[in-house]
Amino acid sequence: MNTIIDFMKRNYKILLIVVCLSATLFAFKINASKEADPDKDKLLLELLTFVIQKGHYNPAVIDDAFSKGIYKDYIQALDPSKRFFLQSDIDEFSKFETQLDDELLNKDLTFFNLTYDRLMKRMEESKKIYKSVLSQPFDYTTDESFNTDYEKAPYPKDIKELTDKWRKQIKLSALSSLTDRLKIQENKSKGIVEKEAKDTSDPLKQEEKFKIDPINSDTVKSDKTVDNGKPKTFAELEKETRESALKSLDEYFGFMQDLDRNDWFSVYINSITARFDPHTNYFAPEEKERFDVSISGKLEGIGARLQKKNDFTEISELISGGPAWRGKQLEAGDLIMKVAQGNAEAVDVVGMRLDDVVKKIKGPKGTEVRLTVKKVDGTIKIISIIRDIVEIEETYAKSSIVNKNGLKYGVIYLPKFYIDFENQDGRDAGKDIAKEVERLKSVGVNGIVLDVRDDGGGSLSTVVDIAGLFIEQGPIVQIKSAGRKKEVLFDKDKKIEWDGPLVIMVNSFSASASEILAAAIQDYKRGIIIGSKQTYGKGTVQNVIDLNQFVRNNAVGDLGAVKTTTQKFYRINGGSTQLEGVSSDIVMPDRYAYLKMGERDVDNAMPWDKIDPAEYTVWNKNANFNQAIINSKKRISQNAQFQLIEENAKWIDSRSEDNTYSLNIDKFKISQSEIEEKAKKYKPLSDYKNTLKFTSLPYEVEEVNKDVALKEKRDRWHEALSKDIYVEEALNVLDDLQSKTILKKSIPAKLKKEKLARS
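Only a predicted model underlies this, so the values are computations on that prediction, with no experimental measurement involved. (Residues numbered from 1 in each chain as written. Predicted model: local features only at pLDDT ≥ 70, side-chain atom pairs only at ≥ 80, totals over all residues. Heavy atoms only, no water.)

What follows covers helix H19 (residues 640-655). Here H19 spans 22 Å end to end across 16 residues, near enough to the 22 Å set by a 1.5 Å rise per residue. Among all positions of H19, only Gln641, Phe642, Leu644, Ile645, Asn648, Ala649, Trp651, Ile652 and Arg655 are buried. A side-chain oxygen of the first residue of H19 lies 2.8 Å from the backbone nitrogen of Gln641; this N-cap is Asn639. (Helix = DSSP H or I, 4+ residues; strand = E, 2+ residues; numbered from the N terminus. Expected span 1.5 Å × (residues − 1). Buried < 20%, exposed > 50% of the residue type's maximum accessible area, 1.4 Å probe, protein only. Polar contact = N/O pair within 3.5 Å; in protein donor to acceptor, adjacent residues only side chain to side chain.)

So, in structure tokens, the structure goes:
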């Protein structure tokens, strides 16, 4: 233990990072052949408890209340839909509800072993249940219903009740799919197939289908509803829906079977770490690798995305610029049969878990991997690829230009605040945004929109760099560690990269680093924040600590890492963004505004507080700042599209409480027809398109002409921008921020060009 304490003292200020908000509990996949190692599990519990308690900003007291929180989170994680455990299981488990704190301190695995063994048993029973349920037709004339509010639903009392629950749940999913098939067939006979095929992928309908059953919801896109020109019978279509449901459940249980005891132990560990706060998590070794890739936007490998297809591993996409893409031999749809390291003997990977296949294909830059693939035409080919550094383009900042009212504007989209901690010369969000701003300046833009919607955060240092591009110099964010004086991070560079009109776009999923940036720009009044009423509300900083560093002569294998909350950050005005987030200067209606999904809606989130403000000088060069806000609010209140979005948001909120569905086909059809009829009112939301044309900057035009995949991605982005009313209003705000001097200069210049063109 002294070794651990010494390490904590020496490395208290480990490089800070702010990580993405969501972590999938079932993403932990270790080698399936490994057997349980109680010594490793106990060591892991000991290390995690000690490291978190010593390093956490405000460690929770490990007592009975802590134990109850673990119990609640863990049981819910194991069986969120209450489709496995019986009430008798829960009664047995509940005896441990206030004992898990003691088990943790004593490194006792009794509760975990009990729940794991029981879950495996219940899952095997459930496999038999769903196969039996789907072996015979459903009777859709029976007057019965099913409630999808799993949180409030009781656990089944016995196997009979559990079987009936499975039957109803599967029946509801199948009924939804069956009515789609019937409708497509009916519309085919009327000659309106294409229209209906598009309608089935409408977001509103997909929300409803997902609500019915998140595992088995599917959209009928290419099912053959006619056979040799003859419409299929009801019985034939009903059979198809059961076959589709069986396939979905087989795939789901196939995934579950890929999870071994280590994976479920990771679920248990994360139920413990999450009680300290929502952002303290355990990373199993493979999950740590995925985190590193997500934060840096790059990896070493061949540059291909893989997916499981039955027992095969299929190439789903080649990453532009990667070695597989450059080689032009591998293509989407190819099935990987064998993998060899250079000249070594090839290993058969058919039936192997996806994560294990990925491990064999990935490797250091400059090394060779040979893939034996079955091509889309059925031929077998051995393809040699030299691994290289692969940059995931979707991770990085990108920009576009648009002309509006005789002026030119730039839109920069930043998906995350990425950084390469291993290479100071590598790409990071701060350097890339500076580059994009410089490029926009070179084409003469009159204003910039920086879009950080859905940006869950990333590197703290890049936030300081980005905010510094827009101010002369000064504080950007304040940081507080437990028991220590605050630390203020400054932009010390007097150079201003962009001093023109600036708008920052945010939404409810803009979090952490995004909130620091928005808060700094808002406190300086340097730009206008536009978007959802509030951002996510994550005002904490996390450290990722490699657990292997605490163990000498490690004989138990890779222990992974823990991400723990070590600090809180504060605005330069002293207020925290924790829970409250950042309130937009201009609030735009949001379809999901009334749904609970922010930090403030998490039961164990850290509290809001404030500290003394830093010294800073408000930007005073935006003469039209307040008037631009007033103008925008007036436009939004009078805009029919925004009014419809607000009405739709309230309707979605009301629908969230409607969880009971009839399993009688006639009643189900009536209910769905009523929903679809109501949804038609909101169809203009997806049909909306502005008159603006977004284009790539000159340097990128050259790149997309050489890269078909990149061109397709940029075309899709530009098309999305042309349908985005939020971006359109952000550009309107840039119009309002223009000084009279700029407008006077711009308009005659435009007229002069037109006069020259006429002559």
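With that settled, consider the pairing of strand E20 (residues 540-546). With 6 of 7 residues buried, E20 is to be regarded as a mostly interior element. Inspection of the sheet shows E20 paired to strand E21 (residues 561-570) by 7 bridges, in the antiparallel sense. Among the inter-strand pairings, Gln542 is bridged to a residue of E21, identified as Thr565. (Pairing = 2+ DSSP bridges.)

As a further point, take the sheet that holds strand E13 (residues 398-404). With mixed pairing, the 7 strands of this open sheet are ordered in space as E22-E19-E18-E15-E14-E13-E24. Looking at strand neighbours, the two that pair on one side only are strand E22 (586-587) and strand E24 (694-695), the edges of this open sheet. Summarising the sheet, strand E18 (residues 502-506) and strand E19 (residues 528-531) pair through 4 bridges and their orientation is parallel. Its bridge partner lying in E19, Val506 is registered against Gly531. The strands touched by helix H24 (residues 725-737) within the sheet are E13, strand E14 (407-413), strand E15 (447-451), E18, E19, E22 and E24, with E18 carrying the most contacts at an inclination of about 155°. (Contact = heavy atoms within 4.5 Å. Axes fitted to C-alpha atoms, helices over the stretch in contact; angles between N-to-C directions.)

A few words on the pattern of salt bridges. In total, this model carries 60 salt bridges according to the counting rule given. In this structure, the salt-bridge partner of Lys127 is Glu124, at a minimum N-O distance of 3.9 Å. In this pair, Lys127 and Glu124 both sit in helix H6 (residues 110-133), 3 residues apart, roughly one turn of the helix. On the basis of relative accessibility, which here comes to 18%, the residue Lys127 falls in the buried class. By relative accessible area, Glu124 is classed as partly exposed at 42%. Overlapping salt bridges bring together Asp89, Glu92, Arg118, Arg122 and Glu125 as one network. (Salt bridge = Lys/Arg side-chain N within 4 Å of Asp/Glu carboxyl O.)

Moving on: the nonpolar core. Residues Phe111, Trp166, Ile170, Trp264, Tyr268 and Leu547 are the most contacted members of the largest nonpolar core, which totals 71 residues. Looking at which element gives the most residues to this core, the answer is H6, with 9 residues. Membership of the second largest hydrophobic core comes to 46 residues, among which are Ala397, Leu440, Val445 and Leu697. (Core = buried A, V, L, I, M, F, W, Y, C linked by side-chain atoms within 4.5 Å.)

Applying the stated criterion across every chain, the model contains 25 aromatic pairs. When the ring of Tyr130 is compared with that of Phe253, the centres are 5.1 Å apart and the planes differ by 35°; the resulting orientation is tilted. With Tyr130 in helix H6 and Phe253 in helix H10 (residues 234-258), the pair connects residues that are 123 residues apart, well separated along the chain. In terms of burial, Tyr130 and Phe253 fall into one category: buried. Taken together, the ring pairs in this structure connect Tyr71, Tyr74, Phe85, Phe93, Phe96, Phe111, Phe112, Tyr116, Phe265 and Tyr268 into an aromatic cluster. The ring of Tyr396 carries the charged tip of Arg427 above its face, separated from the ring centre by 3.8 Å. Over the aromatic face of Trp619 sits the side chain of Lys621, whose NZ or CZ is 4.8 Å from the ring centroid. (Phe/Tyr/Trp six-rings, centres within 6.5 Å; stacked < 30°, edge-to-face > 60°. Lys NZ or Arg CZ within 6 Å of the ring centre and 35° of its normal.)

So, about the environment of Val293. Structurally, Val293 is set in helix H12 (residues 285-296). Taking relative accessible area as the criterion, Val293 reaches 18% and is therefore assigned buried.

Here we take up the confidence of the model for the protein chain. Taken over all residues, the pLDDT of the protein chain has a mean of 86, while the share at 70 or more is 87%. Between residues 1-34, whose pLDDT stays under 50, and residues either more than four places distant or in other chains, the model counts 101 contacts. Segment residues 741-759 is flagged for pLDDT under 50; beyond a separation of four residues in sequence, or across chains, it makes 8 contacts in the model. (pLDDT = per-residue confidence, 0-100.)

Across all of its chains, the model carries 4 cavities of 30 Å³ or more by this definition. Space inside the second largest cavity adds up to approximately 40 Å³. Every residue lining the second largest cavity is listed: Leu45, Leu48, Thr49, Ile52, Leu104, Ile269, Ile272, Thr273 and Phe276. For the lining of the second largest cavity, the secondary-structure elements that each account for two or more residues are helix H2 (38-55) and helix H11 (261-273). Take the lining of the second largest cavity: its biggest share by element is 4 residues, from H2. Considering only residue class, the lining of the second largest cavity consists of 7 nonpolar, 2 polar and no charged. (1 Å grid on protein atoms, 1.4 Å probe; cavity = no way out; pocket = protein on both sides within 12 Å on 5 of 7 lines; lining within 4 Å. Points joined across faces, edges and corners; volume = space filled by probe spheres on them. Nonpolar A, V, L, I, M, F, W, Y, C, P; charged D, E, K, R; others polar.)

In this section: the side chain of Lys40. Its place among the elements puts Lys40 in helix H2. Buried charge without a salt bridge: Lys40, with Asp37 as the nearest opposite-charge side chain at an N-O distance of 6.4 Å. (Lys, Arg positive; Asp, Glu negative; His and termini not counted.)

Before going further, it helps to examine helix H3 (residues 64-78). The end-to-end C-alpha distance of H3 is 21 Å, a good match for the 21 Å that 15 residues give at a rise of 1.5 Å each. The set of residues buried in H3 consists of Phe66, Ser67, Gly69, Ile70, Tyr71, Asp73, Tyr74, Ile75, Ala77 and Leu78. Summarising the contacts, the buried residues of H3 are in contact with helix H4 (87-93), helix H5 (100-105), H6 and H11. For H3, the side-chain oxygen to backbone nitrogen distance between the N-cap and Ala65 is 3.2 Å, and the N-cap itself is Asp63.

Below, the discussion takes up unusual backbone geometry. One non-glycine residue, Ser512, lies in positive phi territory at about 55°. Unusually for a residue other than glycine, Lys525 sits at a positive phi of about 55°. If you trace the backbone, Lys525 turns up in the loop between helix H17 (513-523) and E19. Take Lys525: its relative accessible area is 40%, and that puts it in the partly exposed class.

Quick look at the packing of H6 against helix H7 (residues 159-189) now. As a packed pair, H6 and H7 sit with axes 10 Å apart at the nearest point and diverge in direction by 55°. In terms of their interaxial angle, H6 and H7 are classed as oblique. As for how H6 packs across H7, the hand of that crossing is right-handed. Along the contact surface, H6 presents Arg122, Glu125, Ser126, Ile129, Tyr130 and Val133, while H7 presents Ile159, Leu162, Thr163, Trp166, Arg167 and Ile170. Its residues assigned to classes, the contact of H6 with H7 shows 7 nonpolar, 2 polar and 3 charged. (Parallel < 35°, antiparallel > 145°, perpendicular 65-115°, else oblique. Left-handed = near helix turned anticlockwise from the far one by under 90°.)

This part covers the layout of surface pockets. If you add up the space inside the second largest pocket, you get close to 1,000 Å³. Around the second largest pocket, the lining is made up of 34 residues, and of these Arg453, Arg591, Lys723, Asp724 and Tyr726 lie nearest the centre. At the level of secondary structure, the elements contributing two or more residues to the lining of the second largest pocket comprise helix H9 (203-212), E18, H19, helix H21 (683-687), helix H23 (708-722) and H24.

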